[in-house]
Every structure is written in structure tokens, then in C-alpha cells.
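# Reading the structure
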Amino acid sequence: MADESRNFDVEIITPDRIFYQGQAEMIEFNTTEGEIGVYKNHIPLTTVLSPGIVTITIHGGEEQKRKAAVHTGFAEILGDKVTILAEMAEWPDEIDVDRAKAAMERAKKRLADKRPETDIMRAELALQKSLVRINIKG
């Protein structure tokens with residue numbers, strides 16, 4: 001039986017939906033400062049997300065991990081709740097890997113061309129997002 005006292009609330013919200021709402025024993029995600037893992041009673045913190053994979057560890061008699069691709073946004077960590085406000089969040093089965101590969105190639109081409117009008121930061125972000133989508137699909 002799972003120790004319910006170790007669980008905390010998790011919400012992942014995007015502009016178009018409540019992507020995930022439930023309990024977790026641990027959540028891991030990428031920030032601009034690096035990866036972070038959060039358990040119940042973590043110190044309060046607000047941080048900026050980087051594109052990456054969010055791993056939600058759930059115990060309900062048997063350990064279960066749910067993974068999602070999450071793009072830029074913010075996370076608020078409180079002792080008993082983590083709220084992620086993300087530009088976009090996708091479960092692996094929602095990702096079109098061919099489209100992600102095409103986006104990766106476009107971003108790589110923009111970065112390789114090095115034209116003065118190229119928005120390098122935007123191209124790098126597009127590349128990161130496509131790589132996260134491809135990575136989560138395996």
C-alpha cells in the first residue's frame with residue numbers, strides 16, 4: 001500500500017487545457033537552471049521552465065511513471081503542490097514524430113544558414129522543442 005502522506009498535488013496547465021491534475025510522490029522537470037526533482041515539502045520556489053520531459057512518479061500500490069513533453073513556461077513549487085504553467089504540454093501518443101523531425105530539420109537549416117535576419121534564439125528553441133518531442137517518442 002502506498003504511503004499517501006508522501007503525495008502532493010500536481011497541476012500542469014496550458015493555455016488551452018488543464019493537461020494534468022492529480023497526486024504525485026515526485027515530479028521531475030527541466031528549468032533554465034537545470035533539472036529539478038521535487039518531493040512533498042520542497043522549499044517554496046518559482047522557476048522558469050526549459051523545454052524537456054516532465055516525469056510524474058505516482059504510487060498507488062505500484063510505482064508508475066507518466067512522462068510528457070513540456071515546453072517553456074513557469075513552475076510554482078509549494079510544500080504540498082506543484083503548478084506548472086506551460087506554453088504546451090503533450091503526452092507521447094499526441095506527438096506526430098514525422099512533424100517533429102521536419103521541424104528539427106527546418107531549425108537546423110536556419111541555424112546553419114547564419115543569415116543576419118535569422119532569429120537565432122527562436123531557431124534554437126524550435127530545435128530544442130523538436131528534440132524533446134522526438135526523444136519522448138523513443
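Residues numbered from 1 in each chain as written. Predicted model: local features only at pLDDT ≥ 70, side-chain atom pairs only at ≥ 80, totals over all residues. Heavy atoms only, no water.

### What to know about the pairing of strand 9 (residues 81–86)
Short version of the rule: By this definition, two strands are paired if DSSP reports at least two bridges between them. Working definition: helices are DSSP H or I runs of at least four residues, strands are E runs of at least two. Numbering for both runs from the N terminus.
With five bridges joining them, strand 1 (residues 8–14) and strand 9 adopt parallel strand pairing. Bridged to Ile12 within strand 9 is Ile84. Here strand 8 (residues 73–78) pairs with strand 9 via six bridges, running antiparallel. When the sheet's bridge partners are listed, Glu76 is paired in strand 9 with Thr83.

### Quick look at the environment of Lys114
Where we set the bar: Using a 1.4 Å probe on the protein chains alone, a residue whose accessible area is under 20% of its type maximum counts as buried, one over 50% counts as exposed, and one in between counts as partly exposed.
Looking at where Lys114 falls in the secondary structure, it is placed in the loop between helix 1 (97–113) and helix 2 (120–137). Classification of Lys114 as exposed rests on a relative accessible area of 66%.

### Some details on the pattern of salt bridges
Under the convention used in this document: A pair is scored as a salt bridge if a Lys or Arg side-chain nitrogen falls within 4 Å of a carboxyl oxygen belonging to Asp or Glu.
Counted according to the given criterion, the structure contains six salt bridges. Note that Glu87 is salt-bridged to Lys129, the shortest N-O span being 2.6 Å. Linking Glu87 in the loop between strand 9 and strand 10 (89–90) with Lys129 in helix 2, this pair joins segments that are 42 residues apart in sequence. A residue is classified by how much of its surface remains accessible, and Glu87, at 37% relative accessible area, is partly exposed. Here Lys129 falls in the buried class, since its relative accessible area comes to 13%. Lys109 is the salt-bridge partner of Asp113, the closest N and O atoms lying 3.5 Å from each other. Residue Asp113 and its partner Lys109 are both found in helix 1; the two are separated by four residues, about one turn of the helix.

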